[in-house]
Each structure stands twice: as C-alpha cells, then as structure tokens.
Amino acid sequence: MTSLDHGKFTRVTTLFHSLLALDVFLLFFTGYAIMFNDELWWLVEATGGSSGVVAVHRIAGLGLIALTIFWMTLLLITPGGRDNFGAVLPGTDDIEAAVQDVKFALGYADERHPNARQFAGYKADEVPLLSYVGKGVVWIFAVELTLLMISGLLIWSKTGLVGFFQTKASAMAFVVFHGLLGIIMLMGVMFHIFEHGAHPAFYPVELKAFLPKDITPEYHADEDHETTGIENLELSPTWNWAANLLGLLTVIGIVSVLIGSIFDEGYPIPRELAVGGGPTNLLLTIGINIGILVLFIGLVLSMYGNVMRRRYERQIAEERRQPPTATDGGDAGDD
Amino acid sequence: MSGTSDDRDRDPDRPPDDREGGTPHSDAADQRDREAGTDPSSRSEREPVREMPHKERPRNYTDPDSRLTDRLAVLISALVGLIVTGLAYWWAQSQAIFTEELYRVQPTVEERGIGADWVQGNTDPALDAMIAIIHAADALMGLGILVIVFLHWAAFRRLASQMRQPGETRRSDAVAADGGAEADGERGGDAG
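Residues numbered from 1 in each chain as written. Chains lettered and ligands numbered in written order. Predicted model: local features only at pLDDT ≥ 70, side-chain atom pairs only at ≥ 80, totals over all residues. Heavy atoms only, no water.

Peer 1: Explain the packing of aromatic side chains to me, and be specific about the residues and the numbers.
Peer 2: Summed over all chains, the structure comprises eleven aromatic pairs over all chains. Each ring, one from Phe16(A) and one from Trp71(A), has its centre 4.3 Å from the other, and the planes form 10°; the classification is stacked. Placement of the pair is Phe16(A) in helix H1 (residues 11–35) and Trp71(A) in helix H3 (residues 49–77), with a sequence separation of 55 residues. With relative accessibility at 10%, the residue Phe16(A) sits in the buried group. Between Phe25(A) and Phe29(A) the ring centres are 6.3 Å apart and the planes differ by 20°, which places this aromatic pair in the stacked class. One end of the pair, Phe25(A), and the other, Phe29(A), are both in helix H1, four residues apart, so they sit about a helical turn from each other. Accessibility assignment for this pair places Phe25(A) and Phe29(A) in one class, buried. Among the aromatic residues, those joined into a ring-pair cluster are Phe194(A), Phe150(B), Trp153(B) and Phe156(B). When the ring centre of Phe104(A) is taken as reference, the NZ or CZ atom of Arg158(B) above it lies at 4.6 Å. (Phe/Tyr/Trp six-rings, centres within 6.5 Å; stacked < 30°, edge-to-face > 60°. Helix = DSSP H or I, 4+ residues; strand = E, 2+ residues; numbered from the N terminus. Buried < 20%, exposed > 50% of the residue type's maximum accessible area, 1.4 Å probe, protein only. Lys NZ or Arg CZ within 6 Å of the ring centre and 35° of its normal.)

Peer 1: Describe the environment of Lys158(A), and please don't skip the residues or the numbers.
Peer 2: Residue and element names in this part refer to chain A. By the element assignment, Lys158 lies in the loop between helix H6 (132–156) and helix H7 (159–165). Placed ten residues apart in sequence, Lys158 and Lys168 show a C-alpha to C-alpha distance of 8.5 Å. If sequence neighbours within four positions are ignored, Lys158 has contacts with Arg58 and Ala171. (Contact = heavy atoms within 4.5 Å.)

Peer 1: Talk me through the side chain of Glu195(A); I want residue IDs and the actual numbers.
Peer 2: Among the secondary structure elements, Glu195(A) is positioned in helix H8 (residues 169–197). Notably, Glu195(A) is buried but unbridged: the nearest opposite-charge side chain belongs to Arg112(A), and the N-O separation is 5.8 Å. Separated by 3.1 Å, the side chains of Glu195(A) and His196(A) make a polar contact. With sequence-adjacent residues up to four places away left out, Glu195(A) is seen in contact with Gln118(A), Val133(A), Glu206(A), His152(B) and Phe156(B). (Lys, Arg positive; Asp, Glu negative; His and termini not counted. Salt bridge = Lys/Arg side-chain N within 4 Å of Asp/Glu carboxyl O. Polar contact = N/O pair within 3.5 Å; in protein donor to acceptor, adjacent residues only side chain to side chain.)

Peer 1: Please provide a residue-by-residue account of the packing of H8(A) against helix H9 (residues 239–263) of chain A, values included.
Peer 2: All names here are of chain A. Contact pair H8 / H9: the axes reach a minimum separation of 9 Å and the direction vectors enclose 175°. Looking at the two axes, H8 sits roughly antiparallel to H9. Across the interface between the two elements, Leu180, Ile183, Leu186, Met187, Met190, Phe191, Ile193 and Phe194 from H8 touch Ala243, Leu246, Gly247, Thr250, Gly253, Ile254, Val257, Leu258 and Ser261 from H9. (Axes fitted to C-alpha atoms, helices over the stretch in contact; angles between N-to-C directions. Parallel < 35°, antiparallel > 145°, perpendicular 65-115°, else oblique.)

Encoded structure:
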C-alpha cells in the first residue's frame, strides 16, 4: 500500500476536488464530443445526441461556474484559504525543483527536490503543500477556467458577439476559441491522471486528494533520515506494464488531441461540410479515442480513490470501537 | 513476420518427402486439441485415427503439385490483403472526392449577396489573430506538457528501481507496515 505521510487536503478540499473532477470530465466528454464529433460520434450519441449533448454541456458548465465561485469565496473568507493563497505563489524553489527533476530523471541527482516530491516518506516535514507541478496546475486552471467560462457564456448567447462583430461568423470563431482553449486543460488533465495514477509508491492512485487531512496517518520522525524511506516499499507486480501503458496512452492522447485541434478547427469556417480529418483519418480517430480512454481511466481512478477513502474511514471507525491494539502505522520492529 | 516464416519453413522448395513434417503438423494438432478443450491424456488414443486419411502425403501441403506450404500461402495471402487494404485506404483518404465538397453552397459574390457574411466573418483580422494565438498556445503548452509527462515517466521509473522489487525476499521477517520502519533493513540502514 502507500505511505500517507503528509496530509494535504482538508475535507472540503477533497470533496471539492472530486466534484470538480466529475464536472470537468463531463464537460470534456460533451465538449470534445462536439468538437471532435467526427472521431467521437459514439460519445455524441452517448451524451444525448446532437442536440442533447449541448444541453448537458451547458448544465455542466453552469455547475462549473457554481463550483468555481464557491471555491473562490471560500478562499477569500476563511483564514486557511487566505494562507493557502500564499502557498500557491511560485518561488525560486519551484524552478530549482523543476531543474532537479530533469537531473533526477537523467540520473544526475539522487532524489527529487522537496517541491517536486509526491512521496515524502520520512521527509514529510520538508514537503510544501503544493509541488511545482501542483502550483502550475492551479494557475493554469485558474486562467483557463476564467477564460472558458467567459467564452462559454458568450457563445451560449450569440447575439452579443454577432452584434459586436457585425457578422454571424464571429460566433463560430468564439466557439472554436472556446474549444481550442480547453485543449490545454484536456492535455493537462491527461498528464494529471498519469502523474497521480502511475507513481510507483502510490499506484494505482495517489490518495492524498481523497483522504482528508484529519484522518491521514502521520509519521513523526524522531531523528533525521537520509532517505525518504521509499526503499522500504514493495513495488506492485503490475506497476511496470501498467505505468508504461498509461504513459503510452497519455502521450498518444495528448499528441492526438493536439493534432486534432489543428485539423478539426472550425474557423475560418470551411467551405466543406465535412470538417477536418474526421472519420476518414483513421489514425487521428484512434488517437483521439485513446485520449478519451485516458479520461475514462481518470474518472475510474477518481471513483476508486473515493471508494478507498470510504473503506479507510470505516476501518478507522471500527478500530476506535475496539480496544487499542497495534494499528496501521505501528512499529513492526524497533524504532 | 518474414523472420518467423524463414525459421519455420526453412526450405519451402524442398520436396514434401524430404520434410520431417512433424512440427507444423503437431502444432496444428495441439492447437485443435486446445480449442476443443480435449484432455491431453486422451490424445494418444486419437492420434492414429487422425493421421489415417492423410497418410500418403504430409498435411502441410494442401495441393501435392504445389511447392507452397499452407503456412507460406497464408502469409503471402495476408501480405497481399494488407497491401491492397493499405492502397485502398490511401486512395480513399487522399484521392477520392467527397460529395460533401461538391454540394457545398459556395460564396457567389465578393462584396454582397449569398455568402458575403461568410466572407466578411471569415476574414476578420481580430478573430483570425485570436485563433492563431490560441493555436500557438495549444502547441506550446502541448509540447511543455509532453516534456513533463516524459520527465515524470523517467522519474517514476527511477523511483520504482529504488523500491523493493515484487517478489524480492524480505530483508526481515517483521512486516513493515505502511510508513513503518523495518527492524533490520539492509539498504535503509538509517531507517531503523
């Protein structure tokens, strides 16, 4: 299993994260079913057909606005929220962490920088709330979501756009802009799924985002350890092929939606009715479907994380009812 | 593909009688047994019966006058099938004219009339710039995200190599609970 050594998310944050994930996945499934309708024809049908899919997308979009405004308000009115805002600001540590990650990947550094560490182990005290990747995710999400919500609302009611630009084609330009903007987030979320699903110490899913701080087991070191203690964990027998497969699917998915976004665009509005690659381009069709598969894997992992949380909460409740014996996290030998 | 066929059919020109004829034959027989779910123990009873009708010539030659073995014939046919399919795909992908393109209403007038709005809206420099910028952002961010995927992939592989491999014998009988310390770790000497 995993070493859940430094709790990060409060109960509200874990709940928010899961709801945001569900909503964003729904927006991806409906939005890219529309944008890549040639390649994802089955997804159009599965999410309500050519007219229903737009309604589902708009409902999920309103859900996103509600979630985002809720979260921004919470950040502003709670002291913890205001503190966390400071934790999101990037620093020189984060640049060092990114550089050290490159060195670590190439074998020139022995361990990852504290600001990059997902598994903290004995060194949990050194690890900040957010890794450099985590900070990047928060910033990109903030900018992306703002622009997506504004452009989404603009293309919902097209009259404003059409009036401003004095041409109906302007609405189509904003629809395309909205879709192309989401591509960045789509690619980022695929990476996010790989990052937190394929870490060898946490495979198949990193539970930090699902287990609230208050029930996360903690390890308090009495002494300084030279390593994080990762060498004490046993690698899952399936990790090797599963991580490689997920990595491959992620790369294919990212490359495919990126290429698809260039070919499947709708502005300038083409003369042909059949836009872009479409079903005639088999490789792109397969690749974009693989991208959607990666999202489905993410959705399943998100649900699995919540199942694990539920199980763990039940286990803790049972342990509290029973007389105290050696619990998880207790010492095996001496310490 | 060609490597396999070279290994298995070393000399397709050799006359049928020269071949031992055992390997492909019994392979096929095994396969059939597996598919039929037959118990291997019952195979010995069935073997003579199975060989009787074809005793005159080895069974990997369907046509006694031909030099082609069945396996080679299948390979050649598969190759031809794939090549023709590839050519058909290439033609359909790039050469065929789609009716969608033929029947599209084209803009008829430069300044006014049918399609004038289409032309005007499609040539707005501000909208063009907006789309160009977001395309560039997609490409830049996409490449950046790919770099970071590969970075994590490599980092994860290094981290995995630091962990105890599956099936690796425990260095201590005491079970280290999650996050717990081992009693006498060899590598993690600092852990205890």
